[in-house]
Amino acid sequence: MKRTTIPFGPQHPVLPEPLVLDLILEDEKVIDAIPTIGYIHRGLEMMVERVEYTEMGFVVERICGICSFMHGMGYCVSLEAIMNVEVPERARWLRLVWAEISRIQSHLLWLGLGADAFGFENLFMHCWRMREQILDIFEKTTGGRIIHSVNRIGGVKRDIADSELAAILAELQELGAAFKETARVFGTDPSIAHRLGGVGVLTKADALAVDAVGPMVRASGIATDTRLGGAFMYDQIDFEPVVETAGDCLARVLVRLREVDQSIDIIRQAIDKMPKGEGLPIENRPRGLPSGEVFTRLEQPRGEVVYYVKANGTKNLERFRARTPTFANIPAMIKLVKGCDLADVPNIILTIDPCISCTER
Amino acid sequence: MDTTAFLARVEEYHRDGWRLALINVTTVLPAAPAAHGAQTAVEAAAVGAAPLDGPGVFEIAWGFARGGEFKTIREQIEQGQSVPSISEFFGAAFLYENEIRELFGINVTGMGVDLKGQLYKTATRVPFSHGAVKARLAALAASAVKPS
């Protein structure tokens, strides 16, 4: 049969960021997909050669506008490990709260984009309206809606008053209650089920074979989550990974829907358990220059991120590397696209929640 | 590197249920600038403390995760040497392997999927090769030294 090559991207209505897949088709079936990235490669890893380690954190959190907080946190946690800095307990709890707020805003953003891609404009608007509330919380507590710059090596720059934390929790719980109706539509609307159900199935065996991460792997029935490792105060939180078993596009939507609720509950537990009072220490500034290396793993909204930081006792790091969840999920995406109908490619690509800025650094 | 022993270790990780978390490469520079009192690699190059014409060495770390555990296999290779692909055991390895070839110039033999150099679009060809890193550091050093 004659083969046709169709370039998907770099500009496409479902792609908020540039990615190219050369789709090789026989009739309407995709038989191969060759990825090309690099359209927004900024060489952030190269910048360690000339940006001092104290300033590099502000660069790292600009890897991505959606995972900004957690990139900053991952960088600071890595340097704290190298420099043996003990972070005050309240600062660790505050980081957890902001990290989970990040997860909620990321999932709401993606759910909106997903709804827009399968033609449900109304859901898109509801999700993004709710996300605005989350961004308002970020602005109120960190001063920034997208780039927060609240992480410091050794702690955090700002505290959140106990009364404000209580107000934030009340607001999140109210948002969670309102979100139930939106989630109900995602989960029960027949047109959504028809469009996403049974499409782009990643079996449990395939998910393991391609080392997928995050909601992508949990939607294939694998209960894995870096937070279960217990670092960064998660050992004091009672939670189980959200798992679906169908492995299709709809399952990936359902995992993210349920993780919004889960994050609100995690924030509730964190606020309940953190030490209370005014004037508690939130930062323990490091001394000297970093020397050593560390691998750090965090569970970002899209899945596990791995940072490698190597310092040699100078003001410049020798190596900084971020392996983002989207990078880890590209092999899964290629596997899913092979054999699917051309018309399903947009939804399959979107349901991995691709972040090309993260991937390219 | 001992390819047979390396692949046997990788197979062991695969058999024991580990997941490939990343493959990371570091361009190893020839001198430790701090030993010469310089605080940055640029300063070290500027005062001639870090000769940038040493042998080209890369350190490669294959990182594996299992639950909360994380382990690495480390190898140092000289520029021009090849490393074997681990695609046979870890299907996702091809992406990392294409990346290290494009960004570091390391040849990986037997890759599961060869993207033929079209994964990244970078302004500098092989930006983390020893030649490229040294050229950047030398340029930074030259711009940092002001004539007296």
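Residues numbered from 1 in each chain as written. Chains lettered and ligands numbered in written order. Predicted model: local features only at pLDDT ≥ 70, side-chain atom pairs only at ≥ 80, totals over all residues. Heavy atoms only, no water.

Novice: An account of the overall build of chain A is needed here, citing residue identities and associated values.
Specialist: The secondary structure content of chain A amounts to twelve helices and eight strands. With the principal axes as the frame, chain A shows a C-alpha extent of 70 × 45 × 30 Å. Taken over 361 residues, chain A has a buried fraction of 61%. Partitioning the contacts of chain A with sequence separation of at least 6, the portion at a separation of at least 24 is 69%. Averaging the positions of the 41 positive and the 49 negative side-chain charges in chain A gives two centres separated by 3 Å. (Helix = DSSP H or I, 4+ residues; strand = E, 2+ residues; numbered from the N terminus. Buried < 20%, exposed > 50% of the residue type's maximum accessible area, 1.4 Å probe, protein only. Contact = heavy atoms within 4.5 Å. Lys, Arg positive; Asp, Glu negative; His and termini not counted. Charge placed at Lys NZ, Arg CZ, Asp CG, Glu CD.)

Novice: Report on the sheet that holds strand S3 (residues 69-78) of chain B, specifying residues and quantitative values.
Specialist: Residues and elements named next belong to chain B. Here three strands make up an open sheet; going across it, the order is S1-S2-S3 and the pairing antiparallel. Both outer strands of the open sheet, strand S1 (19-28) and S3, are each paired with one neighbouring strand and no more. Each strand of the sheet is rotated relative to its neighbour by a mean of 20°, with strand direction disregarded. As paired strands, S1 and strand S2 (residues 57-66) are joined by nine bridges and run antiparallel to one another. Residue pairing across strands places Leu-22 opposite Gly-63, the latter belonging to S2. Across the sheet, helix H1 (residues 3-15) is in contact with S2 and S3; its angle to S3 comes to roughly 165°. Each of S1 and S2 touches helix H3 (residues 93-104); the most contacted strand, S1, lies at about 10° to it. (Pairing = 2+ DSSP bridges. Axes fitted to C-alpha atoms, helices over the stretch in contact; angles between N-to-C directions.)

Novice: Explain the interface of chain A and chain B to me, using residue names and the numbers behind them.
Specialist: Across the boundary between the two partners, chain A contributes 42 residues, which contact 44 residues of chain B. Summing the contributions of chain A and of chain B, the shared interface buries around 3600 Å²; its carbon and sulfur component is 59%. Applying the counting rule to chain A against chain B returns three salt bridges. For Glu304(A), the salt bridge identified is with Arg19(B), shortest N-O distance 2.9 Å. (Buried area = accessible area lost by both parts, 1.4 Å probe. Salt bridge = Lys/Arg side-chain N within 4 Å of Asp/Glu carboxyl O.)

Novice: Account for the pattern of salt bridges, with residues named and values stated.
Specialist: All names here are of chain A. On inspection of all chains with the given rule, the structure shows 37 salt bridges over all chains. A salt bridge links Glu-80 to Arg-95; the nearest nitrogen and oxygen atoms lie 2.7 Å apart. A residue pair is termed long-range when its members are at least 10 positions apart, and Glu-80 in helix H2 (residues 68-82) and Arg-95 in helix H3 (residues 89-117) qualify at 15 residues. Neither residue differs from the other here; Glu-80 and Arg-95 are each classed as buried. Note that Arg-285 and Glu-283 form a salt bridge whose closest N and O atoms lie 3.4 Å from each other.

From the geometry alone we can't say anything about function, so treat these as descriptive.
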